[in-house]
Amino acid sequence: MKLMSKCRVALLVATALGMSACNDGKDGNDGLPGEPGAPWVPPVVTTSAVAKVMEWQYAEGVVNVEFSVENQDGVPVEDLDKVQLMSTIKNEAGLLADTVDVTWVAGDDNAPGTLTHAGEGIYNLSMPHEAATSESIGTGYIRPGNGENGMPRTKRVMFTKNDSYAQVSTTDDAKCVACHGEFEDATGNATWGWHQHHHAIDNDQEVIIVEACLVCHTQTEQKDGGWAENTMAMLGHGYKYDDDGVIQASGHASLSTSYSMDKYRCSTCHVDDVVFTASLNGCATCHADLQDADKDLTVNHSNFTDLDCATCHNSFQHEHENGANRDEALNRYNFEIISVVRSEDKATIEVTTKATDSEGKVVDINALTDASPNGWATVMRNGEAMLPGRDEGHVARAKTAPIAGENGEVTYIITHALPYVEGEVLVGGVDGRISYTHRWGYPANAPISVSNIKDVRRTSSDGMKCLTCHTEGLDGHGSARGGFDLGGDACTQCHSAYNWAPGKTQDDGTIGDYAMAWGPFVHNMHFGAYKQDRGLNDMPTTDRNMPVDCQACHTGMIDLEDVAPAVVLNGMDESSVYGITAISANCATCHTGDAAKNHMIQQGGDFNVAITPEADMHTGESGDFAVFDPAPITESCSVCHSPARLAEAHNY
């Protein structure tokens, strides 16, 4: 290695810096002044955008829309190069039918319409709509973005409501959300309606559902001039074309076959005062043979058009009574629980109640001929009903007529009660049936359902939410118990953690691990293995590969610390009873893998709790049987699975 003197190194450095290594100690002359550099302006980056419709109107052969676009930071977008418009107007019959889907693209000489930039992110769009006139009534949306400038598409933005806007008056978005859950986060995987992500928004960023759907799924079928193959009425009433072009029952049509979902109860989906617009397409979704010339109808509809409908059908007809007869029965009597207490000798439970009619007058319960009320009661343990009463797995019921008291009160005596225990909590009520004549002339029953169960049972759900989908209570199963006063909460009198003899078998004859306690049972029926094994319909609130909408049933936070440690019983007879710890019984309905179950076991869960009956036998209506009352087991799941983390994973 060559050595280099320090002087030579210094000289080389000085030369590189443009300075002399030897100077006279004086500063050099100032250089010539340079031009100041222009200030640096960072480029505008648009990762998302918001559009708002300012004004719009129909004119001869066109639809004009003035709108604004801003990026995620509120900065106006000045280089918009693509925007889609969909518009649907009413035809001469007054039905939304004529639809256009047009997209303007900058630099495309064949792109329809024109887009003019007015500055500050404001644009004027003029698009062709051949059937439009200045008198047209319609609806539509714009969707700017996803062109070459890198701006992602906005959500669909609905036209604002003005004199030309076709306002929907038969239903509202809340009716859809009640069953299908919120639409904001829906994806193309939505199980009940893969178009849930096709919703629109208004200028306030609020979700628009029905009117957005009507832009494509108009009031007229595609073959008759509409845009989509299936009209909104077809989808709403539960019929659509299959791949072979044949109309098949689908979706909402199952409401009449699922537990107590009445597709003839129009108010499930429609607003109370429906403004009725009769159309052949709409009516034919249920009246499939309406235009069959060979059908022996009172009036031959085979040559009718939509224009003919309003001549006769200018309001709802008597066939669509919206459950009026049933509603009358439900409101005929109002039962009130006065008390649920032990008798003086502690041997029985006394349920005291009274009833008033629709006018508020006290009625004599013992004299009723159109209703069959009966009292029931049982003991609560760890927030769950101890079922052994009249029989294994059932609550105890009164065997004799109630004893009349003062002021119209009557008291039911429950004789098959469990022995008294100091500090016990009692649950009881009245259920039964009220008879009426169905709208189609046959005898039917409405449920009586009232109890103190909401006062004594811990819960994180609201049984009244069950009635959102189960519009007739639970008619068809437990129809004397599942009523409108309690909704699904009425079910917990039998679907308890202590229901040890459900008697439910699988196809292969085995009992399976399907707990009949209310929590695991509901999760299983709607989301879990029970549903999958039996091919049941998915809940409308589920979105494949997405979190479920827990708030469809639950209220507020779900805190695992609040779960009562009542061991959930399973088994087919007295020799096969076993238990599952409470949290694990619920979680395992969806999280069925071995890894998930092992994780639960590590947190104190147990899927095979050894259960032995109490020493004493219980005397029920069908004889003596054992009572199983396992000690509570606490799981430590809440240490990690906080309400916030549960919410993040399950989207409630």
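Preceding block: the structure.
Residues numbered from 1 in each chain as written. Predicted model: local features only at pLDDT ≥ 70, side-chain atom pairs only at ≥ 80, totals over all residues. Heavy atoms only, no water.

Along the backbone of the chain there are 13 helices and 26 strands. Of all intrachain contacts in the chain linking residues separated by at least 6 positions in sequence, the fraction that spans at least 24 positions is 63%. (Helix = DSSP H or I, 4+ residues; strand = E, 2+ residues; numbered from the N terminus. Contact = heavy atoms within 4.5 Å.)

A few words on the pattern of salt bridges. What the rule picks out here adds up to 13 salt bridges. With its nearest N and O atoms 3.4 Å apart, the salt bridge here joins D224 to K223. K399 is the partner of E621 in a salt bridge, and the nearest nitrogen-oxygen pair spans 3.6 Å. Residue E621 is found in the loop between β25 (617-620) and β26 (623-626), and its partner K399 is found in the loop between β17 (396-397) and β18 (403-404); the two are separated by 222 residues along the sequence. A single salt-bridge network, built from bridges that share partners, covers E221, K223 and D224. (Salt bridge = Lys/Arg side-chain N within 4 Å of Asp/Glu carboxyl O.)

It is worth spelling out the side chain of Q493 at this point. Tracing the sequence through the fold places Q493 in the loop between α8 (453-456) and α9 (518-526). The exposure class of Q493 is buried, given its relative accessible area of 3%. Of note is the side chain of Q493, whose polar atom sits 3.2 Å from the backbone oxygen of A490. Among residues more than four places away in sequence, those in contact with Q493 are W376, A385, L387, V395, R397, D431, I453 and R481. (Buried < 20%, exposed > 50% of the residue type's maximum accessible area, 1.4 Å probe, protein only. Polar contact = N/O pair within 3.5 Å; in protein donor to acceptor, adjacent residues only side chain to side chain.)

A few words on the nonpolar core. Within the largest apolar cluster, 52 residues are counted, with the highest numbers of intra-cluster contacts made by F335, Y412 and I414. Not counting residues within four places of it along the chain, the set of residues in contact with I414 comprises T348, I349, V351, G375, W376, A377, A396, R397 and A398. In this structure, A49, V53, V63 and L125 belong to the second largest nonpolar core, which totals 35 residues. (Core = buried A, V, L, I, M, F, W, Y, C linked by side-chain atoms within 4.5 Å.)

Let's shift gears to the packing of aromatic side chains. Aromatic rings in a pair are described by how distant their centres are and how their planes are angled relative to each other. By the definition in use, this model includes 4 aromatic pairs. Here F67 and Y123 contribute two aromatic rings whose centre-to-centre distance is 5.8 Å and whose plane-to-plane angle is 20°, an arrangement assigned as stacked. Within this pair, whereas F67 is found in strand β2 (residues 62-71), its partner Y123 is found in strand β6 (residues 122-128), the two being separated by 56 residues in sequence. Each member of the pair, F67 as well as Y123, carries the same accessibility label: buried. In this structure an aromatic cluster arises from ring pairing among W56, Y58 and F159. Directly above the aromatic system of Y420 lies the positively charged group of K346, at a separation of 4.9 Å from the ring centroid. Its guanidinium or amino end placed over the ring of F607, K597 lies 5.4 Å from that ring's centre, counting from NZ or CZ. (Phe/Tyr/Trp six-rings, centres within 6.5 Å; stacked < 30°, edge-to-face > 60°. Lys NZ or Arg CZ within 6 Å of the ring centre and 35° of its normal.)

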